[in-house]
Amino acid sequence: MDEQHAVFVGIDVSKDRLDVHLRPSGEAFCVSREAKGLDNLVNRLEGLSVALVVLEATGGFETTVAATLAGIGLPLCVVNPRQIRDFARAMGRLAKTDTLDTEVIALFAERVQPEARPLPEPVRSHLAELVGRRRQIIEMIGMETNRSRQAVDEHLAQGLAGHIAFLQKELDAVDQDIGDAIKNSRAWRETEALLKSVPGIGDVTARTLLAELPELGTISRHKIAALVGIALINRDSGLMRGRRAIAGGRTSVRAVLYMAALTAIRRRSPFRAFYDQLTARGRPKKVALVAVMRKLLTILNAILRDRTPWHHENA
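Residues numbered from 1 in each chain as written. Predicted model: local features only at pLDDT ≥ 70, side-chain atom pairs only at ≥ 80, totals over all residues. Heavy atoms only, no water.

Considerations on the pairing of strand E1 (residues 7-13)
For clarity, the cut-off: Burial classification: accessible surface area is computed with a 1.4 Å probe over protein chains only, and a residue below 20% of its type maximum counts as buried, one above 50% as exposed, and the rest as partly exposed. Helical segments are the DSSP runs of H or I of at least four residues, strand segments are the runs of E of at least two, and each set is numbered from the N terminus. Between any two strands, at least two bridges found by DSSP are needed for them to pair.
Across the seven residues of E1, seven count as buried, placing the element largely inside the fold. Of the two faces of E1, the one carrying Val 7, Val 9, Ile 11 and Val 13 and the one carrying Phe 8, Gly 10 and Asp 12 are both buried. Strand direction decides the pairing type here: E1 and strand E4 (residues 50-56), joined by five bridges, are parallel. Residue pairing in the sheet places Ile 11 in a bridge with Leu 55 of E4. Two elements, E1 and strand E2 (residues 17-23), share six bridges in a ladder whose sense is antiparallel. Across the sheet, the residue bridging to Val 13 is Leu 18, located in E2. Hairpin remark: E1 followed by E2, antiparallel, with three residues in the connecting loop.

Describing the packing of aromatic side chains
Stated formally: Here a pair means two rings of Phe, Tyr or Trp (six-membered ring of Trp) with centres within 6.5 Å. Their orientation is stacked below 30 degrees between planes, edge-to-face above 60, and tilted elsewhere.
For the structure shown, the criterion picks out two aromatic pairs. Considering the side-chain rings of Phe 87 and Phe 108, the 5.4 Å spacing of their centres and the 80° angle between planes classify their relative orientation as edge-to-face. Residue Phe 87 is located in helix H3 (residues 81-90), and its partner Phe 108 is located in helix H4 (residues 98-111); the two are separated by 21 residues in the primary sequence. Owing to a relative accessible area of 4%, Phe 108 belongs among the buried residues under this scheme.

A word on the pattern of salt bridges
We count it as follows: Between Lys or Arg on one side and Asp or Glu on the other, a salt bridge is scored when a side-chain nitrogen of the former is within 4 Å of a carboxyl oxygen of the latter.
For the coordinates displayed, the defined rule picks out 13 salt bridges. Linking Arg 147 and Glu 144 is a salt bridge whose minimum nitrogen-to-oxygen distance equals 2.4 Å. With Arg 147 and Glu 144 both in helix H5 (residues 122-150) and three residues apart, this pair spans about one turn of that helix. The class for Arg 147 is partly exposed, based on a relative accessible area of 43%. In this structure Glu 144 comes out as buried when scored by relative accessible area, which is 10%. With a shortest N-O distance of 2.9 Å, Arg 272 and Asp 276 are connected by a salt bridge. Highlighted residues: Arg 272 and Asp 276, both in helix H11 (residues 270-280), separated by four residues, approximately one helical turn. Taking the relative accessible area as the measure of exposure, Arg 272 reaches 21% and is therefore partly exposed.

Quick word on the nonpolar core
Inclusion rule: Nonpolar cores were defined as sets of buried Ala, Val, Leu, Ile, Met, Phe, Trp, Tyr and Cys residues, with membership established by side-chain atoms within 4.5 Å. Whether two residues are in contact is decided by their heavy atoms: any pair within 4.5 Å suffices.
One finds Leu 195, Leu 213, Leu 216, Leu 257 and Leu 300 to be the most contacted residues of the largest nonpolar core, which totals 51 residues. Considering every element that reaches this core, the biggest residue donor is helix H12 (residues 285-306), with eleven residues. Leave out the neighbours within four places in its chain, and Leu 213 touches Thr 208, Ile 224, Leu 227, Val 228, Arg 250, Val 253 and Leu 297. Ranked by size, the runner-up nonpolar core spans 20 residues in total, among them Leu 22, Val 31, Val 53 and Leu 76.

Laid out in structure tokens, this is it:
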């Protein structure tokens, strides 16, 4: 691509429309989020030397837009809105309108140039939606269970018990759908088997990784750790050396890795020896557990990259 004519596109996605800003030309326009609007957007971008398109993740409204642009081969990155807000504050832009938001997204695309990441294909999107729904049902079961424990009125308690039973049936149905989705794909069956060969990795963790971490096995261990949010971030200034900590990332993936790391430690797997070495050297238990999560993710990344199952030597 001719760098002198490279175009960076920022798109602010809302329920009904898309605000678009192009850099470096400064051109801005608006289209609807319906089929005609997406066709108009595609027609306007296809004739340009697009280096990168950046969209904010906006509760699922961006999915159709991202799929449409990825379908015509445009390099695309869907970013966390917090990254854009932090970038805007760093530039001293505190005012907020749809037009200004879109301009900031385009500037972020041009100056930061985040890495274009692979988007979920339709089947993966379906699995991601099922996994997300499973998480929602589990949260609802937890909330209703807590309410039932506090209920004094017998009629109210019976109603809560009935709702919990209904949610449990919904959870079973979603689990069945997730299992069917994986069984219907030979590639996913093989990938799930590779993931589950690692101590501590069960159905939920493997399926969450399949659905919500498509980059696994395609990027370096440092990048995958940062993507999940378990890479240590320096907090230094001048002569002061701050405490390293993890931040950001994909909460749902980090949550299942946390449980997988706990399971691997409790089962006396090779990860337990690593955990014990760290605690014996004075590392706090929580710090040691995060280190196990990071080691676990690194091994999973290598296993999918090399397409080879777990061996004790991997530890």
